[in-house]
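# Tertiary structure, described
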Protein chains: 4
Amino acid sequence: MKLDNQTIEQHNRQFVEKHQRAFSYTAENIANAEEILDKLQQFNIAIPSWALGTGGTRFGRFSGKGEPGTLEQKIEDVGLLHALNRSSGAISLHIPWDIPQDAEKVKALASSYGLGFDAVNSNTFQDQPGQEHSYKFGSLHHVDPNVRKQAVDHNIEVIKHGIALGSKALTVWLADGSSFPGQLNFREAFQNTLESLKEIYKHLPDDWKMFVEYKAFEPNFYSTTIADWGQSLLLASKLGDKAYTLVDLGHHLPNANIEQIVSLLLMEGKLGGFHFNDSKYADDDLTAGSIKPYQLFLIFSELVDGMDARGIDHATGLGWMIDASHNLKDPLVDLLQSVEAIKIAYAQALLVDRKALKDAQQQNDVVRAQEILQDVFRTDVRPLVAEARLRQGGALNPVALFNELGIRNSLIEERGSNTVATGL
Amino acid sequence: MKLDNQTIEQHNRQFVEKHQRAFSYTAENIANAEEILDKLQQFNIAIPSWALGTGGTRFGRFSGKGEPGTLEQKIEDVGLLHALNRSSGAISLHIPWDIPQDAEKVKALASSYGLGFDAVNSNTFQDQPGQEHSYKFGSLHHVDPNVRKQAVDHNIEVIKHGIALGSKALTVWLADGSSFPGQLNFREAFQNTLESLKEIYKHLPDDWKMFVEYKAFEPNFYSTTIADWGQSLLLASKLGDKAYTLVDLGHHLPNANIEQIVSLLLMEGKLGGFHFNDSKYADDDLTAGSIKPYQLFLIFSELVDGMDARGIDHATGLGWMIDASHNLKDPLVDLLQSVEAIKIAYAQALLVDRKALKDAQQQNDVVRAQEILQDVFRTDVRPLVAEARLRQGGALNPVALFNELGIRNSLIEERGSNTVATGL
Amino acid sequence: MKLDNQTIEQHNRQFVEKHQRAFSYTAENIANAEEILDKLQQFNIAIPSWALGTGGTRFGRFSGKGEPGTLEQKIEDVGLLHALNRSSGAISLHIPWDIPQDAEKVKALASSYGLGFDAVNSNTFQDQPGQEHSYKFGSLHHVDPNVRKQAVDHNIEVIKHGIALGSKALTVWLADGSSFPGQLNFREAFQNTLESLKEIYKHLPDDWKMFVEYKAFEPNFYSTTIADWGQSLLLASKLGDKAYTLVDLGHHLPNANIEQIVSLLLMEGKLGGFHFNDSKYADDDLTAGSIKPYQLFLIFSELVDGMDARGIDHATGLGWMIDASHNLKDPLVDLLQSVEAIKIAYAQALLVDRKALKDAQQQNDVVRAQEILQDVFRTDVRPLVAEARLRQGGALNPVALFNELGIRNSLIEERGSNTVATGL
Amino acid sequence: MKLDNQTIEQHNRQFVEKHQRAFSYTAENIANAEEILDKLQQFNIAIPSWALGTGGTRFGRFSGKGEPGTLEQKIEDVGLLHALNRSSGAISLHIPWDIPQDAEKVKALASSYGLGFDAVNSNTFQDQPGQEHSYKFGSLHHVDPNVRKQAVDHNIEVIKHGIALGSKALTVWLADGSSFPGQLNFREAFQNTLESLKEIYKHLPDDWKMFVEYKAFEPNFYSTTIADWGQSLLLASKLGDKAYTLVDLGHHLPNANIEQIVSLLLMEGKLGGFHFNDSKYADDDLTAGSIKPYQLFLIFSELVDGMDARGIDHATGLGWMIDASHNLKDPLVDLLQSVEAIKIAYAQALLVDRKALKDAQQQNDVVRAQEILQDVFRTDVRPLVAEARLRQGGALNPVALFNELGIRNSLIEERGSNTVATGL
C-alpha cells in the first residue's frame, strides 16, 4: 500500500483553513519562524524494523493484525509513516530478523518510498536456530572465547549487510550481565567486552560510527556489563574516534537526570545516537512524550544547545531513532504519535532564547531561567510542526488520515490477520 | 523419578558428623532449640507449578532441558524437591496450564509424594486459544461486562478444580491496568473489579480464602488497577471475611518498607498469603534471599511477631509460596536455594528475643533494638535448618545431593531435551 | 506594603493589548470559556505561613532578605501575593510559629487584604523551648503516654487558635517513625497514633475537618508511621466522617501514580486536602509544575473528574495549599510561579472533553484517550488564566510586576536585611 | 577521658571464655585464619570530626549531651573509640569546623591516643561569617570567577592545614548543582569545576591524593555538577595521577549496583576513598550495615578482589571513612556499631574462596557462585573480628563496655549538657 499525494492533499483541505489561522497566530510571535520550519523539515527520526509489530511482555502478547511479515512489508510500513508525516525517512534494520536477500532490490524499494537506511543492529541477546554457542550467559563479555568470537563474527556480518544497504552506523546493544551476585567477575566482563568491541571496530568502514548502548537492567537483574553512560563512555573512549555512546531514554535508574548526561556526552564529543521512548517505572518503552513530555523537551533543549556549541548538524550529526514497544496500540499509529511528540519537543527547543537563557544563568537568575524554558514549553507549537509537514507534502493530521483511510484494514486484507512481525 | 530414603541416608552419612558438631555448637546457645526445630519441621512453602520450567523475559528465553511437560511430571518435580528438603509439601496449580483431567488420580499421585494442593491460581492476563473475549484491555476491570463475565466464570471454574483437589484458597492476580494516561477511568476500573470479585466470592466455599494480590506495575506501565496493599485491602474489606491481601515481595515501588505493610495487614487480620522472591530493580523474580537477605529476615520477624500476636499458626495460618523465575539456573536447584533462604530467615525470626526487643522499644533504646535483630541475623542458623530437615528424613545438603545424583540428567533421559513447561 | 489597584492597572496597560489578542484566539476554540473563567476566578490556593522565608536543607541555608518576622508581616506578604494574582486568598498558619496573640486583630488585618484562614497546622516534629517531653522518638505514636498526651494537648490548642481565626480544618503531619529496624513495633505505633488522633478528633468542631497527612520517609529513614495513602485512609476511616486523607505531592515513593491515588480517595469520599510542590528525587519541595508539569495536569484531571462525580465544589470542597521550600529563589516570586503552574493545570483539566474521553475509554481507544489529554495539555491556556486574573483586578504578569515595583527591596527597607522567618 | 588497658582487660575477662569457645569453633573451619586476623588488625576506618555530634534533618535536630565542643574533645572522642575497638585510628578533619590553632600540639594529642590524620575536607557548601562571596549558587562551578577563586583558595588553605597535621589526602565534596531546569549550563558548570580543581591540584604535594566525591542529589534537587561516578572519573582522569574518585554509599540513585562501580574504578586505578553508611531511601546516612548488610559484604568482596588484583594494600591503599549521621543514637555508640559492621563485612570478604569463585564463574555455574558468597555471608565471623580486637588490646564488646562505664555520663560531666558539636 502506498499513499499518493492526492489523498493527502484531499485530507489537508479539510484542515488547512484552521491550520493557517493557528500558524499565523503562532508564527507572528516568532522572529525566526522560517529557520525553525527549515530545521523541522530536515529532521527525521528513524523507525526500527522491530517496532512495526505488536510488542509484549514476559506475561504475553496480544497480537494485532496485518503485521508486516517480510522486510519488504516493513519497508512498506515505514513508507506509509513517511508519506503521512514526512519525518520518518529512514529504517533501522535488525539482523538476523531482517536479512536482506537482495540488497540492491531492497535499497531500490526503500528509495521508492523516500527512505534510507539508518544504523544496523546486531542481536546477541537471543539464540538463533542452529547457532553453535548459546548467549544464555552473554556474548561479547562471555568467559568462553568461542562465544565471544561467534558474537564478534555476527557483528561483522551485520556491518556487511549495512554496507550493502548504505547504512553508516552499527548499534551494539548487549544484554550481557548477571542476575546473581558472584556470577560475574565485573572487571573481566568489562575487559572481554572491550576486546570484543575492538575486534568489531576493526571492521568498521572509515565513514561509519559504532554506537555503544547502555542499559541499567533487564534482561539481567543484578548487573549489566554496560550499565550506564560512564561505562559506555569508558568503552567508547578506549575504542577510538568512531565509537560513541548511544542513549536510550528508558535505560536509566529511577530519577536519573538524562539531560545532563546528554549534555556532557556532547561536551566530550561522544554522543552518537538517541533512542526515543517514554517510561514511568522501568524500560517501559511507551510512546515518546506520553509520560514525561517536559523531560523530553529539556533533553532536546540540551541536544540543540550542545550540538550548536560543537557545530553539529541537527539532522545528520546524530542518529535519531524511536525504540518503543506497542503492546496496546496499533504500531503505526503509536509511531505517528511518537514522531509528533518528538518534533514538538524539538520545535520548542529551537524556540528557546539562548541568549536570554545564558544571561539569566550568568546572573544566577533562577526564576528567569526557569521562565524562559517554561514559556517555550507552554507555547503551543503544533502549528509549526504541522506547517513543516504541510510544506513537505505530509498530512496535517497523520493519525486522523490513517484512521480515515482505514489503512490497518487494507493491510489486514493484504497480509491477513495472523501475520506476526519479527521482534520482541 | 522418586528418591528413596536410602539414597538420602547414604548422602547424609558423609555430612552428618560435621553437622552434629555444628548443630551442638549452635543449639547450646539457644534455650528453646527444640521448639524452634519443631516449627521449622512444620513449615512448608508451596511450589507453583509454573516455576518448574525455565523462565524468560520479553527479550527471550534460554530453555533448559528435561522440563516437566505434564501436570504429573510437575508433581513429580515437586515430589523430588520435597524428598530432598522436606519443606516443599504442597503444589500450587495454575489454570488453565494445569487442568487436572482426573482429580482423584492427580490427588493420589501427589499424595504418594507427600504433597497437598495449595491455592489455585486463575489466569486472566493471557488469551487462551478459542477464547471468546480478549483480555488485552483487562479482565475483571474491563469496561465490557461480557469480558468481565468471562473472567468471572473462569475464576469460578478454577475454584471447582481447586475443590476437587482439596485446595482451600483462590489467588487472584490481575494484570489489569493501563499503559497510558487517559486510557482508564480509575474509579470505574476499581468498581468493576470489586463487582467482579464479589461474583467470584459468592462461589467460594465457606472454608476457603480469596487472596487478592497487588502489583505496582508490569505488564501495564502507567497504572495497575490493584497496585498496592491499600487498594488490595480496600477490596478485601469490601468483599468480606474470606478475602485477604496477598503480598508478593517483588510487587512494590522502589524502597517500599514491606515489613511494615506485612505488620499492618496482620494487625487488620487481612494478610492472607505470601509470595517469595527477591529483586533489585523491579519484579525481577530472583531466588529468595539472593539480593536482600536482611529484608527477608525483617519481614519474617514481623510475620512471626504478628502471627503470634493474633494466635495464627505459623504453618497453616497463611499461604506461603515461592514465586520466582529461573532464567539462568536449573529451576529445581533454584527452588531448593529459595526454600533454604526462607527457612534460614524463619529460623532467625524465631530466635529473636521478643521480650528483650519489646523492652528496648519501650525505652526507645534504638541501639539495643538494632543489636537484638542484628545478633540474630549474624548468627549462623544453618545447622538448625539442617537438623530439622534431617529429622524429617531430608537431605543434609539438598543441592549437593541433586547434583551428585545427576537428577537433571535422569529427567532429561525420561522427558527429553526439548520439553518446555507451561508458564512464563 | 500594600498594592493599590492603580498600580496594577497601570502595569496591565502595557500588556493588555497583546493579552486580548491571545485571549480571543484561545477562547474562540473553547465552547464554555466563560464557565471556565468563572471557575478559575473562584479557585484559590492557600499559602502556608512557613513558605514566606528562605528554606534550607540539613547542609545549610542561604538566607534571603526582608523576610517577614511576625505573623502580621506574613499576612502582609500573602496579601501582596493575592493582590498580584487574586488566587492566594488564604493563609495557613503553623502553631507554635504563628500564635496569634489577638485573634480578632489578626482576622481584621487578614480581612483587609481579602484573606481568610485555611487549615491550621500543628507541630510535633520539633521540640520547643521549655517543653516537658521531647518528640525525638515521635509524638502521637510514642510509647510513653505522657508524650502522646502532650502532643494531643498541643493539637487541641491548635484547634482553639484555628477556631478563633475562622479556620475549618486541622492538618496533622507527623514525622513519627523509626530510623532503624527493630526500633518500633509497627502495630503498636499505629494503634497509639490512632488513639491519639481519636482524642484530638473529639475536640474537632462539627464543621471542621481533620486532614491526616502521610509521607514515605524523612525525617525518619526506615519507617514512617503514616507512610502512605493506605495507612492514612485506614486511620481516617477508623476516626470518622470528619477525618480525611491529605495528599502532598512530594510524599511518595519513586514512580508512584499519584493521580490514581487521588482518584480512589475521591471515590471513597476521603480526599480532604492537597499540598502542591514538585520534586525529582525525594521530598524536594520545588516549585509546583517545575519538574513534572504533565503529572500535575493528570492529577488535576482526576481531581476535576472525581469532584464532579461527587458534586464537590472545586473552590471550597477540598483544601488547596502550596507546600514548597524556596532555597534559591525569592519566596514570593516562587509562590507566584507555583500558583500560576497550578492554575494552568487546573484550566487544562477543565478543558478536557469528559464525554469524548469517556467514549474513548468505553471503546478501549487508547490512542484517542491519550490524544484527548495531550491535546489539552499542549494547548496554551495561559491567556485564560490571565483573563481570569485580569477580571478580578490582578496583574497580567505578576512576576514582572513584582520585579518592576522592586517589592523585595521595599520589604528589605521596611524589615531589614537580617530578618529570618520562622519555618524550616 | 581516656580508657586504660586495665579497664578493658577487666571487661574482657567476663567474656573471654565464651569468646574462646566461639573463636575456636569458627577458626577451625578456616585454613588461613591467622592471615585474616592479621588483616583485620591492620584495618582502620577513619572517623570524621563532624560525626561526633548529633545529626539532624531540615526538620530539626534533637541534641544529645556531652558533645565535643573543641577539636581537642573530638580527638578525645575518637581516642575513646579507638581504645575500645582498635580500628578507629584516624580522624578526618573538616575545615573550617576544625581549624587546628597549633598543629604540633594537636598532632601530639592525637598521637597520645594512637591516632593519625586522615584526609582533610573542605567546605564550600555553606557560607561562613565574614565570607566575601556566597556559595548559594555553587563554588567551584560558579559562573563568577571570584567565587571560584575564593573556593579554590579555601581548598589550598585546607591542604596547608592537612600538611601541618600529616594528612595525605584532600577530599572535595561539592554541593554545586541546580534545583531548576535552566538554572545551569551543564557543560560550563563542568568546565568551571574542572578548571577550579586543576588550580587546587597544583597545590597538592606529590605524595598526596585528591578525592573527587560525587553525589546524585541533595542539597540541590535538579542536577548536581558531580553527580555520578562517571562524572567523577572524567574529572579525575583529566586532572592527573593524584586525582581519584571517592565513593560514598549513600550518594547513588535508587537500586544502583555500587559493587560494580567499585570494581570498575579499581580496574581503572581510580578508586581513592570510601565513605561508609547505609540508607533505604536517599542519603539517609544511617549506621553502616544496618539496612543492607549483604550489599556491604558484596562491596567488600569487590574491594578485596580488586585491590588484590592490583596489589593494593588493604589497610593503606585506599581511604576508609565512616560518613554517617546520628540523629537518634549516641554518636559514639553508633560509630562503634558501624565499625563492627564494616569489619564483619571485610572479614567475610576475606573468607571468600577466590579460586573456587573464579572456577564457578568460568563455568557459568551461577548456583555455585551464589553459594560461595552466601556461605561466607551466612557464616558468623564475629568471633574473628573480636579475636583481632582482643589481640590488639581492644574490648571484646565495645558497646557493652561503653555503657558499663557510663562513658557518655562522664563526658556530660566534663563538657556539660548543652555543648553542640560543629557539623550538620
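Scoring rules and cut-offs
- Positions within a chain are numbered from 1, following the residues in the order the chain's sequence is written.
- Going through the entries in the order they are written, you letter the chains from A and number the ligands from 1.
- Confidence filtering applies because this is a predicted model: local features only for residues at pLDDT of at least 70, side-chain atom pairs given and counted only at 80 or more, and all residues used for totals across whole chains, interfaces and linings.
- For side-chain calculations, the full set of non-hydrogen atoms in the structure is used, while hydrogens and water are omitted.
- Pairing of aromatic rings covers Phe, Tyr and Trp, the last counted by its six-membered ring, and requires centre-to-centre distances within 6.5 Å; plane angles under 30 degrees mean stacked, over 60 mean edge-to-face, and any other angle means tilted.
- Secondary structure follows DSSP: runs of H or I at least 4 residues long count as helices, runs of E at least 2 residues long count as strands, and numbering of each begins at the N terminus.
- We call a residue buried when its accessible area falls under 20% of the maximum for its residue type, exposed when it is over 50%, and partly exposed in between, using a 1.4 Å probe and counting protein chains only.
- Whether a charge sits over a ring comes down to the Lys NZ or Arg CZ being within 6 Å of the ring centre and within 35 degrees of the ring normal.
- In protein, a polar contact requires one atom able to donate a hydrogen and another able to accept it; more generally it is a pair of N or O atoms within 3.5 Å, and residues adjacent in sequence count only if both atoms are side-chain atoms.
- Two residues form a contact once any of their heavy atoms are found within 4.5 Å.
- UniProt positions are given in the numbering used here, feature names are shortened, and annotations may be inferred rather than shown by experiment.
- In short, DSSP must find at least two bridges between two strands for them to pair.
- Fitted lines through C-alpha atoms give the axes, limited to the stretch in contact for helices. The angle between two N-to-C directions lies from 0 to 180 degrees.
- Residues reaching a pLDDT of at least 70 in both copies supply the C-alpha atoms on which the copies are superposed by least squares.
- Here, expected helix span is obtained from the residue count minus one, scaled by 1.5 Å.
- What counts as buried area is the accessible surface, traced by a 1.4 Å probe, that two parts surrender upon association, with contributions from both included.
- Here, a salt bridge means any Lys or Arg side-chain nitrogen found within 4 Å of an Asp or Glu carboxyl oxygen.
- Three categories are distinguished: nonpolar for Ala, Val, Leu, Ile, Met, Phe, Trp, Tyr, Cys and Pro, charged for Asp, Glu, Lys and Arg, and polar for the others, with Gly belonging to the last.

Under an unreviewed UniProt entry, the name given to chain A is Sugar isomerase, and the source organism is Sphingobacterium micropteri.

Applying the stated rule across the entire model yields 76 aromatic pairs over all chains. Ring geometry for phenylalanine 59 of chain A against tryptophan 173 of chain B: centres 5.1 Å apart, planes inclined by 50 degrees, an arrangement best described as tilted. Residue phenylalanine 59 of chain A is located in the loop between β1 (47-48) and α3 (71-85), and its partner tryptophan 173 of chain B is located in the loop between β5 (169-172) and β6 (177-178); the two belong to separate chains. Taken individually, phenylalanine 59 of chain A and tryptophan 173 of chain B each receive the classification buried, so the pair is uniform in this respect. Three or more aromatic residues link up through ring pairs in this structure, and these residues are Phe43, Phe274, Phe276, Phe300, Trp320 and Tyr346 of chain A. One cation-aromatic arrangement involves lysine 329 of chain A over phenylalanine 180 of chain B; the distance from NZ or CZ to the ring centre is 3.7 Å. Directly above the ring of tyrosine 244 of chain C sits lysine 270 of chain C, whose terminal nitrogen or CZ lies 5.5 Å from the centroid.

Residue and element names in this part refer to chain C. One can find lysine 242 in the loop between α7 (229-239) and β9 (243-248). The class of lysine 242 is buried, set by a relative accessible area of 17%. Polar side-chain contacts of lysine 242 include one of 3.0 Å to the backbone oxygen of leucine 204. Every residue in contact with lysine 242, bar those within four places of it in the chain, is listed here: Tyr201, Leu204, Pro205, Asp206, Trp208, Lys209 and Met210.

On to the UniProt feature "domain: Xylose isomerase-like TIM barrel" (unreviewed entry) in chain A. Under the local residue numbering, the UniProt record ascribes the feature "domain: Xylose isomerase-like TIM barrel" (unreviewed entry) to residues 100-285 of chain A. For residues 100-285 of chain A, the helix share is 37%, the strand share is 16%, and the end-to-end C-alpha distance is 27 Å.

All names here are of chain C. Here we have 6 strands laid out as an open sheet, ordered β4-β5-β7-β9-β10-β11, and parallel in their pairing. Each of the sheet's edge strands pairs with one partner strand only, and the pair in question is β4 (120-121) and β11 (319-322). Both strand β5 (residues 169-172) and strand β7 (residues 209-213) contribute to a ladder of 4 bridges, which runs parallel. Residue pairing in the sheet places alanine 169 in a bridge with lysine 209 of β7. Here helix α6 (residues 186-202) sits on the sheet in contact with β5, β7 and β9, set at roughly 155 degrees to β7.

By the secondary structure assignment, serine 179 of chain D is in the loop between β6 (177-178) and α6 (186-202). Using a relative accessible area of 4% as the deciding quantity, one classes serine 179 of chain D as buried. Sequence spacing of serine 179 of chain D and aspartate 285 of chain D is 106 residues, and the spatial spacing of their C-alpha atoms is 22 Å. Filtering out sequence-adjacent residues up to four positions away, serine 179 of chain D remains in contact with Leu286 and Leu328 of chain C together with Pro219, Asn220, Phe221 and Tyr222 of chain D. In this structure the side chain of serine 179 of chain D is engaged in a polar contact, spanning 3.4 Å, whose partner is the side chain of asparagine 220 of chain D. Among the polar contacts made by the side chain of serine 179 of chain D, one reaches the main-chain amide nitrogen of phenylalanine 221 of chain D at a distance of 3.2 Å.

Its rotation angle being 180 degrees, the transformation that places chain D on chain A also includes 0.0 Å of axial translation and leaves an RMSD of 0.0 Å. Accordingly, the operation relating the two chain copies is best matched by a two-fold axis. It is glycine 230 of chain D whose C-alpha, among those of chain D, lies nearest the rotation axis, at 2.1 Å. Comparing contact sets, 100% of the residues at the interface of chain D also lie at the interface in chain A, consistent with an isologous, same-surface contact.

The next subject is helix α10 (residues 331-351) of chain C. All names here are of chain C. For α10, with 21 residues, the first-to-last C-alpha span of 30 Å sits near the 30 Å given by 1.5 Å per residue. Of all 21 residues in α10, 21 are buried; the element is thus mostly enclosed. A distance of 2.9 Å separates the backbone nitrogen of leucine 332 from a side-chain oxygen at the start of α10, and that oxygen is part of aspartate 330.

Taken residue by residue, the interface counts 52 residues in chain D and 52 residues in chain A. A buried area of about 4,600 Å², summed over both sides, lies between chain D and chain A, and 57% of it is on carbon and sulfur atoms. Inspection of the region where chain D meets chain A yields 6 salt bridges. When the shortest N-O distance is used, the salt bridge between lysine 238 of chain A and glutamate 268 of chain D registers 3.0 Å. Summed over the shared surface of chain D and chain A, the number is 20 residue pairs in polar contact (both at pLDDT 80 or more). When residues of the side of chain D that touches chain A are traced back to their parent elements, those giving at least two are α6, β8 (223-224), α7 (229-239), α8 (258-267), α9 (293-310), α11 (354-362) and α12 (366-378) of chain D. Residue classes in the side of chain D that touches chain A are distributed as 24 nonpolar, 19 polar and 9 charged.

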